[in-house]
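Fold and contact review
Here are the chains, one letter per residue:
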Amino acid sequence: MRPFLHPTVSRLRSTTPQASRSPSVGSVGTLNSQLGISTPASHFSALSPTSSQSDLPQAHTQQTAQTPTEREVFRWSQLLNISDLIYGKHAQKAAAVLGTPVTGSPTVLAANGLICIGTDTGRILVFDFKQNLKCDDPDKSVGAVTALALSYDHTYVASGHVSGHIQLFDVQNPKTPARFVPPTTLAVVASGREEGHLAGSRIVSVGFIAGRHTALVSADDSGLAFYHSLGKVLFVDATDTLRILGKYPDEDTREPVDEPPVPGLSTVHHTFRRRRVRKAHTILSMSPLPLGPSPHPTDNYQLIALLTPAKLVVVGLKPTPKTWYRAHREVDDGHVARLRFKGTLAWFPSIASGTVIQSTHPPNGKARTSQPDGMLPMLAYGWGNVLHLLRISESRFMQDVRNAKTGKVTSVEVGRIVIQEAGKWTIGGDVLALQWLNVNQILVLTSVTLEVYDVHTIRLVEHVLFDAWTLMSPLLGHTINGSVSYTDAVSEVSHSMRVYKGKIFLLGQHEVLVGTLLTWADRVLSFVENGDFLSAIELTRSYYVGEAPGNRNGLPNNLEELREVVGDKMRDLMVASARYAFSEDRMTDATHATPDGRGVDRTSLFEHLVVACARACQELDDFDFLFEDLYSYYDDHGISKIFLQQLEPFVVDGKIHYVPPRLTQRIVRLHQENNRPDLAERLIWHIDPDCLDINQAILLCQQYQLYDALVYVYTRALKDYVAPIVELLTLMRNLQRYRKARAEASPTYQLLINESAIEGTAVNAYKIFPYLANVLTGLTYPSEQPLPEDEALSAKNDVYTFLFFGRSSVWPEGEGGQLVLTSDEENGVEPTYPYARLLVRFDAEAFLHTLDLAFEDHYLNDETQGISRLVIVKILVEILSTPDLPQSDRTFINIFIARNVPKYPQFIQIAPSVLHSILIGLAEDGDESTREDRQLAAEFLLSAYTPHESDRIVGLFETAGFWRILRTWHRNDRQWAALINAYLNDADLGTTELFDSLNDVLKTASRETKGDLPPHVVDTVSISLSLLLRNGVASTAALIDRYVPALHEEAWKTLESRPSADQLVYLRELLGSPQSFDEGDPYVHYNRNGPSKRLPPHLRQTYISLLCELRPYSVTTELRYFSPDLLDWKQVVERCEAHEAFDAAVWSLDWQGDTRAALSKADSFISQLASDLSSSLASADERTERSVDRCLSQLEAVKSAAVEICLQRSKLSEQQEALPLEEIWFQLLSSQVNCVHHVAIILPSGEPLSPLAERVMGSLRSSIQETFSALMSASSFKVISFPRLFKRLVDAGRTNHVSQGAQYNEFRTILTGMLESYRSDGEMLIITKHLLAKDLFVSVQELFKARSRGWAPSKGICATCKQRVYSAEKSQAAEIEGDQETGIIVSRTGAIYHKKCLQSEEATNAIQ
C-alpha cells in the first residue's frame, strides 16, 4: 500500500510531490514479509534407505567429489579390460617373459561398431563393446599406426603407418593383410609406372569409400591424398591409385628413418627430418562422406572432404572425379602463426526425415525440385577457433546431350552437388578435435575444455573443463629425437576422440574411457538414484519452464509436447517423493539416528518438500496434488503446521491466488494462536476473497483492530464500500471525544488517559483518507489495483451518496441497521452534512487532499448522477460559513476552492461575491507557514476572477506578503516605484534574482523617460540603499553606477559604518581590474572597459588606500589599470609610502617619469627594510619570523619594481637616456649589496647560522643573483662594463666601513652561486636539446613512413601517357558522357595507369 501523504506535503501545498496514481501491488504488510522461498540443498540424499555408491569410475581428469553447485554434464566409465591389456604393466612383463609380441603404446582410435586401437609397434587391437578382444592384427614391422578406419559393416580395418604403408585386414582372418599398399619413390612416379604415397610420408588419415571394403582414400603429412581401388586380377593384387589432391616434390630430399628393415620391402630407411617445416599444403584432416541409416542421392557421388591450412576442398569420385566445392581460409582465422596448422572436420550423414530439398537453377538446364529425401548430410570444419557448417544436397535438372556419332540430341536428367553455408561461429579456444554427437549437436575439444554446440542455434549448450594433453597423440614418439616439437605433438589428438551412436570414446595416455552426454532424463534420474527427490523436482520444473542450463537432449522441440512430457514426469516425482518422505520404513530407518543417540531434526526436509511441490504445481497450474494429497500426508502425521507455514509465502507473494477455505481457516487460526494478527492481516490482503471465512476474518480484524484487512474483506469479499467508512468514522468520532476530554479535563484526569491507545486510534482513523482516495479514483484498497468498471461506478456512487448526504444515515440499510452519528456528545444535535463536516473537523487538509484527487476522476463529469464538483463545492461553502470553524480549516477550504474553480470552469460556477470572500479570506489569514500556499491559491483564483476594491486588495496583499501577485499587477500598471518595493520586500528572492529583476525594472523605466529615471524612482532607490547593500554590495555598486551614479556619495555614507572589506568590494566593482577578482569570486564584474569615471575623485584615492591596507600585493597591478588623468599621483605615492606599499610607490614615481627619484626611493626603502630586518633578527622573540617574512617579501617587491625600471631604461638607446645605464644598475646593486652587508654584520662570525638567518642570507644573495641575471639579459648590456661595475661595487664596500675579508667573502659567495646557477641552466638546456632532437627525429621518421605508404605528388602521373591521373573537370565531363574508360589502375609495383592507356599498351605488346 502506498502510504498516505502527510498533510504538510498534500496537493493543497505550493510544493507537493505528486504521488503517482498508477496501480501498485505493494502494501504495508509486505514491507517486512519478503520471505525467501528458494529451495536449499535437499536432504533426501542423506535419507536414502540404502547407501548406494556409483559403479562408474571417476573421470580421467581426477576430479574431486561433485559439490552441490556443480552439474554433471558427461558421465564417464573406464574400459577396464581394454585399459589393462594396453596399459597394464603385467601384460608387458608377460610378453617379455613368454616372448610374445609386445603390444606397444596406443596411438590412434577407431570406434564405430567395434573398438580398434593402433599402437606404435604397428599392431592393431580390435575389441567388441563388451571389451572382448576380437582380433590382434600381427606386426608387419611397417612402423607405428598413425591412422585407422573401420568399414561400414565392421568387417575390415584399414591402417595407415608412419612409413607411408597402408594395410587392409579382415577382422575374421587377421593373420595377414587382405590388401597391402606400399609407398613408392619419386623415381617410380616420374617414370609414370605408379602413383602413391612417398616412402617416409606419415599417413594422417585413411577411410573407406561408401560401403565398399576395397575402396580407400588416404592422405599424408606432405599434402598428398589418393584414392585406392584394391582389386585382384588372377589372384594377384591389382591396385588402382588415383591422386585427388597435392603435388609431388621436385626432388626426394627425405632422410632415412631409425627403424628396423621390413622383410620383403625396400631396404631404404625413411624418417622425419629434424623439426620438419610444415608447409601450407599439409593435409590437416580428411574424411569421406559415411553412409547414413537411409539412402541419400549424395551417396552416389562418393564425396571426400580434405582440409589444408589454406583451404577446404570437397571432391567427388563419381560419376567422374570432380571438385565440387572449395573454400579458402579467411585472413582473420589463425591469429597465431603456429595455430595455422590446427584444423579438423567431421561429416554427419543423411538421416530419414522426409525433407523436401529445393534445388537451384543451373545455367544450362531446367531445374526441378528433387524427390523427398532424408535429412541433408552436413559437414563441420574449422581452423583455429572458428567453425563452419555446410549442408550438402543434390539438384536434378534436364540437360540436352548430343550423340557424337549420330548427332542426335536427347534430354537426360543429370544431377549436381549443391553445398550451402549453414553457419559460422567462434569458440573460446582452438579446436583440436571435432565429432558429431547427434544431428543437432557437435562435440568440440579444445586444449582446456570439452564443449557441446547446437548447430541450429549456433549456441554453446555445455561446457566442462578438460585437459586435452591427457589424450594420446601418434606423434609423441617423434619428440624424442626432435623431429616434432612437444607442443605440436601433444595437440595432435584428433585420432583419440571418436563418437558412435552418442557414445564418446577417448584414448588417453593411461586409460580408455567411454562416456555419454547426459540427457534431461539422465540428470533427473541421477538425483532420484541418490535419493534426492527435491532436486529432481526442481530440475524437472526448470526443464518445464525452459530455465534449465545445458542441453535438452531427449526433449521435444514443440513447447506443448515438451510440457506434456516433462509435466507427467514432474507429477510422478511429486507423488513418489511424498510417498517416500512419509513411508514407514523411512520414518524409522537409520537416517534418524546419531552416534550420541539424540536423533536428527528433519524439519527442513518436510519444509523443502512443500516448497518444491508448490513451485511445481504453480508451473503446472494444477494444485490438486498440493492441497489434497500432500496436505493429507502432513495432516495425518500431525505436522500440518509445517505445510501451512511454507505455503503462506506463496500466497503473500501472489504466486498462489486460490487456497481452499479450510486451509485458509487453519492458517488464520494458527496466527491467532501465535498472537501474530499482523501476519493474519497480511494473508487476508493477498488471498482471493472467495477463499476466506468471512465471519472468522471480520471477527479477527475487529478484535485486533486490523482495519486494512477489514476494509479488504468488506470491499473484496462483500462488495460493501460504505461499511469501511462507517467503521473508520466511528474511530474518528471516538478520537474527537478523546481530544475534547483531554482539553477540558483536569491535569489529574489527563494522566489517566492512555496516550498510546489514542495514538493507535489516530493511525487507524487516518486510513480513511487513502481508502477514499483509492475508491473514488477506481482503485482497490490497499493494493491499488484497478477495479472493474461496473464495480468502480457502483462503489463511487455509494461512497459519494453516503459522504455528502445532508443528514445522518442508517447503516447497514434495512433491518438491523444503526444510525451513524458524528456529534461529540452522545445525544448531541447532528449538523447538516455530518460526515463531510466530521472529516473536515478531523483533518481538513487530508480530506481536501483526497477530494482534490477525486476531482480529477471523470465520474464527476456526469452531473445527472446526483453528485458533481459544483455540489461538493457548495457543501464546502456551507461548511465554511460555520461560526466555530477553526481558521486553519477555513484556510484549506479557501485554498481548495480557489485552486479548483479555474481548473474546472465548465463544472464549477460560483457567484463573484463568494469568490471575493474566498480571496479576502486567503489574504487575511496571518499564518506565515501557509503564506506561499495561500498566495499560489490566490493566483489560481485571479486567473478566473477579477476583483473589485483593488486598493483594499492591494493593501491586504501587502500585509499578507503576496509580493509575487503584486509584482505582476505593478508591472502591468507600470508602477515602477511600487514594483521596486515589491522586489525588495520579498524575502524569498535570492540575490541574483533580485538584482537581475531590479536591473530589468530600471532599464525599462529609463527607456520610457529617454535615459533618465523618474524622480520618484530615484527617491525609491535612495531610500532603499541600506536594504540593497545588505543584499549585495558589489551588485548594488554596479546598479547605482549604471542608472543613478549621483547616489554614490549617499551609498558611501551608508558604507562608512560597515567594515573596510565591504568598502573595498564596493570600490573594486567600479574601479578594479579583471585581475583583482579571485577565481570563483561571487561578485558580478561590472567594469570591463576601465575604471568608472562616474565615481567622485576622492573615492578613487580611497580605493588606493584600501588596497594598500587590505591587499598590498596587488596595488601595482591596480595602478597600471588607471589612466594618468584619473589619479593624483603625488597623493598616491604618499598613501603608498604611508601604508608601506613600497613597490607601488617606486612604480608610481617612475610612471610619472622621474626614474632617478624612483631609484632613490628604492634605495631608501631597501636601507629601511635592511634596518628593520636586522632589528628583527636581533630581537629573537615570537614575532621575529613573521616580521622577517614581511621584510623579505617587501624587499623582493621593491627589487622587482626597481629591476623592471632598469630593464625598461636599458631598452632605450644610450643617447636617448639622460641617466646613464651603468649608473642606475650600480645604484640598485649597491643598495642590495649594502643590505646584505648590513644584515651580515649583526650575525655571529665563526659560528653556524640559525635556520632563520640561513634563510634570510640565502634570500638576499639570491635576490642579487637575479638582479645580475636581469642585467646580463638586457639588450644594452654591451655598453655596460661588468668589470668596471664590479670594481665600483667593491670600492663602494670599502667606503661603507665593511671589513675587507667579509666583503670579499660575500662577493665570492654571490659570484659562485651565479656561476653554479648558470652551469645548471646550461646542463638543463643541453638535456632539453637532446630530448627535443630525439623526439623530432622519431616524429619525422614516423611521418616519412606514413607518407611513403601513399602516393607522392610526383607519382600522380600515368606511367604511359605521362598525364595527370585525375582531373576534376575531365572526370566530371566523362561522368556526364558515360565514359567507362576513365578509370585508374594501380599496379603492385606502385605504378599508376589510365585504364585506356594500359589497354592500348597491352594491345601493342600483343602485336609485337
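Residues numbered from 1 in each chain as written. Predicted model: local features only at pLDDT ≥ 70, side-chain atom pairs only at ≥ 80, totals over all residues. Heavy atoms only, no water.

So, on to the overall build of the protein. Helix and strand counts for the protein stand at 46 helices and 35 strands. Here the protein, with 1408 residues, has 49% of them falling under the buried criterion. A separation of at least 24 residues holds for 60% of the contacts in the protein among residues at least 6 apart in sequence. In the structure as shown, the protein presents an accessible area of about 69400 Å², 52% of it carried by carbon and sulfur atoms. (Helix = DSSP H or I, 4+ residues; strand = E, 2+ residues; numbered from the N terminus. Buried < 20%, exposed > 50% of the residue type's maximum accessible area, 1.4 Å probe, protein only. Contact = heavy atoms within 4.5 Å. Areas by Shrake-Rupley, 256 points an atom, 1.4 Å probe, with all protein chains shown as cover.)

All right, on to the pattern of salt bridges then. Tallying each qualifying case throughout the model produces 38 salt bridges. Glu 619 serves as the salt-bridge partner of Arg 541, at 3.7 Å between the closest nitrogen and oxygen. Of this pair, Arg 541 sits in helix H6 (residues 533–545) while Glu 619 is found in helix H9 (residues 603–620), placing the two residues 78 residues apart along the sequence. Look at Glu 619 and you get partly exposed, because its relative accessible area is 28%. A salt bridge links Arg 1058 to Asp 1062; the shortest N-O distance between them is 3.5 Å. (Salt bridge = Lys/Arg side-chain N within 4 Å of Asp/Glu carboxyl O.)

Here we come to the packing of aromatic side chains. In total, this model carries 34 aromatic pairs according to the counting rule given. Where Tyr 301 meets Trp 324, the ring centres are 5.7 Å apart and the plane angle is 85°; that geometry is what we call edge-to-face. Taken together, the positions of Tyr 301 in the loop between strand S14 (285–288) and strand S15 (303–307) and Trp 324 in strand S17 (residues 322–328) put the pair 23 residues apart, joining distant regions of the chain. Like Trp 324, Tyr 301 is buried. Relative to Trp 811, the ring of Phe 802 lies with its centre 6.3 Å away and its plane at 70°, an arrangement referred to as edge-to-face. The exposure class of Phe 802 is buried, given its relative accessible area of 5%. Among the aromatic side chains, those forming a connected cluster through ring pairs are Phe 582, Phe 606, Tyr 631, Tyr 633, Tyr 634 and Phe 643. Its guanidinium or amino end placed over the ring of Tyr 904, Arg 869 lies 4.5 Å from that ring's centre, counting from NZ or CZ. Seen from the ring of Phe 907, Arg 869 lies directly overhead, with NZ or CZ sitting 4.9 Å from the centre. (Phe/Tyr/Trp six-rings, centres within 6.5 Å; stacked < 30°, edge-to-face > 60°. Lys NZ or Arg CZ within 6 Å of the ring centre and 35° of its normal.)

Right, let's get into the nonpolar core. Counting 152 residues, the largest nonpolar core has Leu 626, Phe 643 and Phe 804 as the members making the most contacts within it. With 13 residues, the top contributor of residues to this core is helix H21 (residues 834–855). Setting aside anything within four residues of it in sequence, one finds Phe 804 in contact with Tyr 833, Ala 836, Phe 847, Leu 851, Ile 867, Ile 872 and Ile 875. Leu 1028, Leu 1229, Ile 1264 and Leu 1271 belong to the second-largest nonpolar core, a separate cluster that totals 99 residues. (Core = buried A, V, L, I, M, F, W, Y, C linked by side-chain atoms within 4.5 Å.)

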